[in-house]
Structure formats: C-alpha cells, structure tokens
Amino acid sequence: MQEPRSLTFKLGRLISEGVHSSIMASKSIVKFVIFLVAVFGLHIYTGLSIGLSVLAAFVGYLLTGGWKYTWIVIRTAPRDGRGLLHLLRNKIRMKRYIKNNYTVPIIFGETVKRHAKKIAFMYENDRWTFEDVDNFSNAIANYFHESGYRKGDVICVYMQSRPEYVCLWLGLSKIGVIPALLNYNLKSDSLMHCINAADAKAVVYGSDLGEAIKDVQPSLSRGVQIYCYFGQYNSTDIMVPGAQDLGPLLKRSPTHSPPQPDCKFKDCLFYVYTSGTTGLPKAAVVAHSRYFYMADMVNRMFGVRHDDIVYDMLPLYHTAGGVLGTGQAILHGCTVVIRQKFSASQFWDDCVKYQCTVAQYIGEICRYLLAQPQRPSEKQHRVRMMFGNGLRPQIWEEFTKRFGIEQIAEFYGATEGNANVLNIDNTVGAVGFNTRIAPFLYPITLIKVDPQTGEPLRDRRGLCIKCGAGEPGELVGKIIQSDPVRSYDGYVGNTGATTKKVARDVFHRGDMAFLTGDLLIMDDYGNLFFKDRTGDTFRWRGENVSTSEVEATVMNIIKLKDAVVYGVDVPGSEGKAGMVTIVDEAGTLDLNHLASACSKALPPYARPLFVRIKDHIETTGTFKLKKVDLKKESYDPNLVSDRLYYLDIRAGVYKPLDNAAYADICSGKIRL
C-alpha cells in the first residue's frame with residue numbers, strides 16, 4: 001500500500017505534466033485558463049451573477065483570439081470523444097486481461113465458443129469454421145508439445161498465406177512457443193540470417209518453398225529441426241533431406257486442448273520481421289497485449305462488425321495482414337477471406353465472389369487497382385470500407401469515386417512502435433489524428449528535426465522542440481513500459497537497433513520516446529498527414545525536398561507507373577539533387593512530357609535532375625520500393641547499365657547521360 005503523500009505526489013505530477021503538454025500544444029489553452037480566472041474575477045468584484053460573468057468573460061475570450069480554439073473544440077469534440085471512448089474501452093479490457101493472465105489463444109477460445117460453426121476463413125474453395133481452426137491448431141500444439149518444445153522456444157514459420165499459416169502460429173502460441181513469421185520472399189543470406197537471429201529450434205516450411213530452405217540448410221545452426229508442410233501438391237514441391245513431413249504427424253495428433261503454459265498477456269506472442277529496405281530484416285517482438293491492442297482498435301475505431309466479411313490479400317507474415325486482418329476473426333468472430341497473393345485483376349472479382357463488405361489495402365495496391373481497365377465487378381461489389389495505410393492523397397478521391405467506397409480508414413503505425421494513429425472520420429489524405437483539446441491523454445507529438453541528419457532539435461533546456469500546426473516534424477510516442485499501449489519491446493538480439501529508435505528527454509527530463517523515423521504534418525484540427533521518411537528527405541538549393549511528394553507527382557504524370565525518388569550527390573554542390581528511377585517495361589515513357597509537366601507541377605528545387613529507366617524495381621512484400629542500391633549507384637554510367645538522363649536546365653528537357661556528360665557534370669562544365 002502506497003503512502004498518501006506518495007499518491008498525492010504522483011497525482012500532482014500527472015496533472016502538472018498534462019497541463020504542461022496542453023499549454024505547449026496550444027497557446028489558446030492558456031487563454032482558456034485566463035477565461036476561467038476572469039469569470040471568478042467578474043463575479044467577485046462586480047457582483048454579476050455567475051451566468052452573466054461567464055457570458056461576459058466568454059465574449060472577451062472570443063474577442064482576444066479564443067474563437068479559434070473554441071471552433072477547434074466544437075469541430076473536433078465528437079471525433080475526439082468517440083476516439084477516447086474506444087481507447088478507454090480497449091484499456092479496460094487490457095487491464096482485465098493482464099490481471100487474469102489472458103493470452104490471444106484464450107481470447108480465441110472465447111470466440112470459438114460464440115461462433116463454433118461460423119466460417120472463420122475462406123481460401124479459394126476451402127471453408128474453415130472456427131471449430132476447424134481450433135481443432136487444427138490444437139493438433140499442432142499437442143504434436144510440438146509431445147515433441148519436447150516448451151515455452152520460450154522459437155520455431156520459424158516459412159509459408160505462403162493460407163489458413164494453415166494462422167493455425168500454425170496460433171497452435172504454437174497455445175503452448176508458449178514463439179513463432180517467428182518469415183517473409184516467404186526471403187532467400188539465401190537474408191533467410192539464413194532471420195532463422196539464426198531468432199535462435200530458432202525448428203523451421204516449418206511450405207513444400208513449395210523447399211528450394212530456398214535447401215539452399216540455406218548447410219548454414220543453419222546445428223540441431224535445427226526442419227518440418228515440411230504440403231499444401232496443394234505441385235511440381236516445385238521439395239522435401240528437404242532430413243525434414244519431417246508434418247501433415248501425417250498432425251493427422252495422428254489429438255485435437256483436445258493442449259497443456260496450458262504459464263503465459264501472461266505481456267509475454268511475446270510472435271516475432272514479425274521488418275521489411276529490410278535498409279539492410280537485413282530485424283525481428284520485432286509482438287506481445288499478446290500488442291496484438292490485441294492493434295487488432296481491437298482497428299475493429300472499434302473503424303466500426304468493423306462481427307458479421308463483416310473481410311478481404312485480406314496481404315502477406316500474413318506482416319502486421320497488416322497477419323494481425324489487423326486475420327485478427328478480426330481471431331478476436332471478434334468476423335469471417336476473413338485469405339488470398340495467397342494480391343492480384344489487381346482479380347481484386348474486385350474476389351470481393352464479389354466472397355461477398356466481402358470490408359477490404360484491406362497497403363502501399364501501392366490502390367494505385368495498381370486504378371491502373372486496371374474498368375470491369376463490371378468494380379461496381380457490383382458490396383465493399384463499404386477499406387482499411388490500410390499508404391493511400392496517397394493525390395489519388396484518394398479518384399479511388400473512392402471510381403470504386404464506390406464509402407469509407408477509407410487509413411491508419412499509421414509501426415509493428416514495434418507505440419505512436420499509432422487512425423483516421424476515423426474519413427478526412428481525405430489524413431493518416432490519423434490526435435486531440436488538440438487534451439493532447440496529454442494520448443502522448444504522441446511531432447518534434448522538429450535537423451533536415452540533414454534527421455536528429456531531433458532541442459531547446460536551451462535540452463528538451464525536444466514540439467512542432468506547431470503546419471510544421472513538419474518526426475512523430476514520436478512517449479514510452480511507458482508499465483503500460484502495454486505505450487511500451488516498446490524493440491528487436492530480438494539487436495540492442496543497437498533497439499536503442500537507435502529511442503530518444504531521451506523529449507517531453508520532460510528523464511523520459512523516453514519511440515522515434516518513428518517519419519515526418520508528418522498536423523493541421524489545426526489535429527489531423528495528421530504523412531510527409532516523408534526522415535532519411536529520405538533531402539535538401540537542394542536551400543530547400544527541403546520530400547521524396548514522397550515528388551514521387552506522387554511524377555507517378556501522376558506518368559500514368560501510375562512505378563517511380564522512386566531519392567537524393568544524390570553532385571560534386572561542387574551543396575545538398576543533394578533529386579533523381580527518379582522509373583519502371584517503363586513497354587518503353588512508352590515520354591521524357592519531354594515528364595520534363596514539361598514537372599516544371600508546371602513542382603518548384604525548381606524539387607524537380608528531378610536525373611532520370612533512370614528500368615524494366616523492374618525490386619519491392620518488399622508490402623510493395624515498398626527498395627532504393628538503397630539505387631542511391632549507391634546514383635547516376636554513374638560506369639555503374640548503371642540502364643538508360644540515364646540529366647535535365648538540361650536551359651532547354652528544359654532531359655538529355656542522355658553518357659560518360660562524357662557524366663565527366664562534364666563532375667567537373668562543373670555542365671551546371672545543374
């Protein structure tokens with residue numbers, strides 16, 4: 001039992017921090033406090049009634065600039081109230097789950113009791129009821145428990161998306177084993193790194209991925225057991241030497257509830273790997289509590305109903321598809337349609353076939369759908385809402401109008417991070433919001449960073465400098481390890497990467513905050529808009545250039561072809577010049593039109609000075625374009641075999657960049 005004085009001190013500090021955060025967020029709140037003082041002053045010294053004192057003080061408050069904050073409160077109170085209500089409900093449930101040592105498998109067990117015969121997953125022509133999923137995952141749990149695997153052991157899951165994938169990690173988690181969800185696109189060194197970095201005791205792979213496992217098998221740590229799961233047989237199926245066929249073993253395994261391990265709500269559920277756009281993938285820890293928080297908040301905030309049919313064509317090894325998508329079935333009893341891989345030509349046909357009411361998107365999927373020719377199914381579907389992240393503001397309204405989508409539910413967040421936001425009121429272009437009325441209730445903020453280094457800028461007290469409305473800054477979230485919503489668990493076996501994502505002395509002395517690495521902008525109403533990655537923004541001619549904004553402009557000009565923008569060094573010049581690599585398989589790109597359109601749509605400092613034409617740009621499993629190698633190769637024709645061009649500033653056209661032109665640029669003869 002804490003002393004009353006200690007409790008009073010903590011309460012006082014909490015109130016102090018809240019008031020300080022609010023004052024820093026809006027000077028209008030200071031005026032609001034003055035307004036309250038004025039009410040009592042008028043009442044005491046003039047003898048006016050409380051009602052007239054309030055009216056007089058309020059008029060004075062409005063006339064001295066308080067009207068703006070008043071309008072913000074009126075405009076945003078319904079949204080903020082709804083968001084706060086859902087957040088409180090989520091936190092109350094999580095508090096109960098922590099107290100009673102709930103886990104995701106236990107919550108799923110409650111879902112099964114409510115919806116045993118209901119369809120949980122649809123996959124091609126297969127239908128899995130919640131009872132089917134429970135029985136199959138129990139068979140998995142019992143087999144691996146009988147084989148000696150215990151709480152804390154790690155087993156890698158390396159399979160294509162299918163219902164059995166969900167059953168595998170769910171079954172392993174029932175006995176406390178930690179599944180490491182491997183990207184099925186990984187090969188060679190990257191695949192070997194992910195298996196070894198997780199300190200895995202076993203690997204379960206899909207038979208169609210056997211060739212990749214066979215290649216890395218000699219380099220795996222000693223004692224790693226390999227299991228093969230055969231789905232639909234095809235000519236590429238490979239049984240790796242020494243592997244066990246998991247199918248027959250599971251058929252003999254009992255389907256009763258497995259032995260219950262001593263697991264807690266804050267324990268690790270599974271590992272999810274980063275995309276590896278800037279190096280080898282890192283394994284992020286996803287606790288049972290984080291899984292619940294993410295999937296439940298999407299359900300509540302976006303209004304997903306238990307009778308919805310969710311179309312999930314995203315890879316299940318990532319958070320979007322594997323947590324936010326299938327989590328609607330695991331936690332809330334929705335039916336989820338799983339597709340092995342995204343197909344732009346089959347997207348709307350599938351939605352019609354399975355009678356989907358909700359669909360997911362990520363990255364460039366919406367752009368790929370817009371690039372498809374019109375088809376009847378894009379108007380015949382029943383999809384009322386799509387939720388995801390990465391829909392570019394430039395095509396937002398065009399997308400919703402063409403496909404008849406009532407609600408775009410955009411969200412922003414990282415698997416391992418705690419600065420997650422959601423767009424719950426259909427604000428075009430926004431990735432989410434935070435309350436301007438009482439920002440201390442959800443401690444995230446935008447801080448100013450150095451455009452060159454990406455490092456946080458600090459005031460004379462050594463604290464980070466918060467951004468005002470309209471100022472770009474890096475989104476950060478306060479870390480409170482005792483709160484599962486605000487905690488940060490980092491990466492497995494990578495202390496350096498874990499520490500790199502943490503800033504200290506952000507809100508006040510001694511605190512810590514998670515660095516998202518992304519630049520956002522907040523408007524007067526608390527709506528947040530994505531601007532760029534901190535490492536991708538570059539400076540040219542004294543101005544900051546957002547690669548994300550330039551990419552969106554270029555892709556609109558070239559009719560939705562893939563394009564990636566980055567900064568490159570030019571000898572004798574400060575900063576970095578803009579370069580764009582464009583995918584042009586058909587060879588139809590009109591460079592003259594590109595130069596002309598860019599000159600109209602972009603300021604001079606943001607126009608790409610170099611163009612590289614490729615047949616293909618490698619992407620991650622979530623359609624993020626990989627630009628690390630492109631940056632390294634730059635515009636040097638000795639390193640690049642693709643077609644290269646530079647912008648002739650005077651003529652306003654792109655000209656071929658050969659060895660002679662490259663030498664002239666490096667020597668300063670050709671000025672940019």
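Note that the structure is predicted; figures quoted are calculated from it, not measured. Each chain carries its own residue numbering, running from 1 in the direction its sequence is written. Only residues with pLDDT of at least 70 are given local features in this predicted model, and only at 80 or more are side-chain atom pairs given and counted; all residues enter the totals for whole chains, interfaces and linings. For the side-chain quantities, the full set of heavy atoms in the structure was used; hydrogens and water were omitted.

### Comments concerning the overall build of the protein chain
- What counts as a helix is a DSSP run of H or I of at least four residues, what counts as a strand is a run of E of at least two, and both are numbered from the N terminus. Each helix and strand in the protein chain was counted, giving 21 helices and 28 strands.
- When a residue's accessible area, from a 1.4 Å probe over protein chains only, is under 20% of the maximum for its type it is buried; when over 50% it is exposed; and in between it is partly exposed. In the protein chain, which comprises 672 residues, the proportion classed as buried is 55%.
- We call two residues in contact when some of their heavy atoms are within 4.5 Å. Pairs at least 24 apart in sequence give 68% of the contacts found in the protein chain among residues at least 6 apart.

### Thoughts on the nonpolar core
- Judged by nonpolar contacts, the single largest core of 118 residues is most densely connected at Phe121, Phe144, Trp169, Leu246, Tyr291, Phe302 and Phe387.
- Per-element tally for this core: the top contributor is helix H10 (residues 288-302), with nine residues.
- Core analysis: the next-biggest nonpolar cluster, separate from the first, contains 44 residues, Trp540, Val568, Phe610 and Val611 among them. Among buried residues, the Ala, Val, Leu, Ile, Met, Phe, Trp, Tyr and Cys ones that are joined through side-chain atoms within 4.5 Å form a nonpolar core.

### A word on the pattern of salt bridges
- Whenever a carboxyl oxygen of Asp or Glu lies within 4 Å of a side-chain nitrogen of Lys or Arg, that contact is scored as a salt bridge. All chains considered together, the criterion is met by 25 salt bridges.
- Two residues, Asp569 and Lys576, come together in a salt bridge whose shortest N-O distance is 3.0 Å.
- Close ionic contact of Asp642 with Arg612 constitutes a salt bridge, the shortest N to O distance being 2.9 Å. Pair noted here: Asp642 is in the loop between helix H20 (628-633) and strand S27 (643-648) and Arg612 is in strand S26 (residues 610-614), with a separation of 30 residues, a long-range link.
- A network of salt bridges, in which partner residues are shared, links Arg612, Lys614, Glu633 and Asp642.

### Structural notes on helix H4 (residues 104-115)
- Helix span, expected: 1.5 Å multiplied by one less than the number of residues in the helix. Helix length check: H4 (twelve residues) gives 16 Å between terminal C-alpha atoms against 16 Å at 1.5 Å per residue, within 8%.
- Within the sequence span of H4, burial applies to Val104, Pro105, Ile107, Phe108, Thr111, Val112 and His115. The arc that holds the buried residues of H4, viewed along the axis, is 155°, so those residues lie on one side. The directions considered for the arc are those from the helix axis to the C-beta atoms.

### Comments concerning the pairing of strand S24 (residues 563-568)
- Among the six residues in S24, six count as buried, and that is most of the element.
- Judged by which residues are buried, S24 turns out to be covered on both faces: Ala563, Val565 and Gly567 on one side and Val564, Tyr566 and Val568 on the other are all buried.
- Whether two strands pair comes down to DSSP finding at least two bridges between them. Judged from the six bridges that link them, S24 and strand S25 (residues 577-583) form a sheet pairing that is antiparallel. Within S25, the residue paired with Tyr566 across the bridge is Met579.

### Here we look at the sheet that holds strand S14 (residues 407-412)
- If you walk across this open sheet you meet the eight strands as S2-S1-S11-S10-S12-S13-S14-S15, and the pairing is mixed. The sheet is open, and its two edges are formed by strand S2 (126-129) and strand S15 (421-422), each paired on a single side.
- When S14 meets S15, the two strands line up antiparallel, connected through two bridges. Note on S15: the bridge partner recorded for Tyr412 is Val421.

### Concerning the side chain of Glu164
- One can find Glu164 in helix H6 (residues 163-174).
- Here the side chain of Glu164 touches Tyr229 through a polar contact of 3.2 Å, side chain to side chain. Under the rule applied, a polar contact is a pair of N or O atoms within 3.5 Å (in protein, one hydrogen donor and one hydrogen acceptor; residues adjacent in sequence only if both atoms are side-chain atoms).

### Regarding the sheet that holds S24
- One open sheet holds the five strands; their spatial order is S24-S25-S26-S27-S28, and the pairing between them is mixed. Edge positions in the open sheet fall to S24 and strand S28 (653-656), since each of these has one partner strand only. Looking at each pair of strands side by side, their axes are set apart by 30° on average, direction ignored.
- In this sheet, S28 lies alongside S27 in antiparallel orientation, the contact comprising four bridges. Orientation is described by axes fitted as lines to C-alpha atoms, over the contacting stretch for helices, and by angles from 0 to 180 degrees between their N-to-C directions.

### Observations regarding the packing of helix H5 (residues 130-146) against H6
- The N-to-C vectors of H5 and H6 enclose an angle of 50°; their axes lie 7 Å apart at closest approach. The pairing of H5 with H6 is recorded here as oblique in orientation. As for the relative orientation of H5 and H6, their crossing is right-handed in sense. Across from Val133, Asp134, Phe136, Ser137, Asn138, Ile140, Ala141 and Phe144 in H5, the residues of H6 making contact are Glu164, Cys167, Leu168, Leu170, Gly171, Leu172 and Lys174.
- Classification convention: Asp, Glu, Lys, Arg as charged; Ala, Val, Leu, Ile, Met, Phe, Trp, Tyr, Cys, Pro as nonpolar; all other residues, Gly among them, as polar. When its residues are assigned to classes, the contact of H5 with H6 shows nine nonpolar, three polar and three charged. Roughly parallel covers angles under 35 degrees, roughly antiparallel covers those over 145, roughly perpendicular covers 65 to 115, and oblique covers all other angles. We call a crossing left-handed when the near helix sits turned anticlockwise from the far one by less than a right angle, and right-handed when that turn is clockwise.

### Focus: the state of the cysteines
- A pair of sulfur atoms, both from cysteines and within 2.5 Å, is called a disulfide here. Per the counting criterion, the structure on display carries zero disulfides.
- Here Cys263 stays free of any disulfide, with the sulfur of Cys268 as its closest cysteine sulfur at 9.9 Å.

### Comments concerning the side chain of Glu378
- When you line up the elements, Glu378 lands in helix H15 (residues 377-380).
- A polar side-chain atom of Glu378 sits 3.0 Å from a polar atom in the side chain of Arg402.
- What Glu378 contacts, discounting residues up to four positions off in sequence, is Trp348, Pro373, Arg402 and Phe403.

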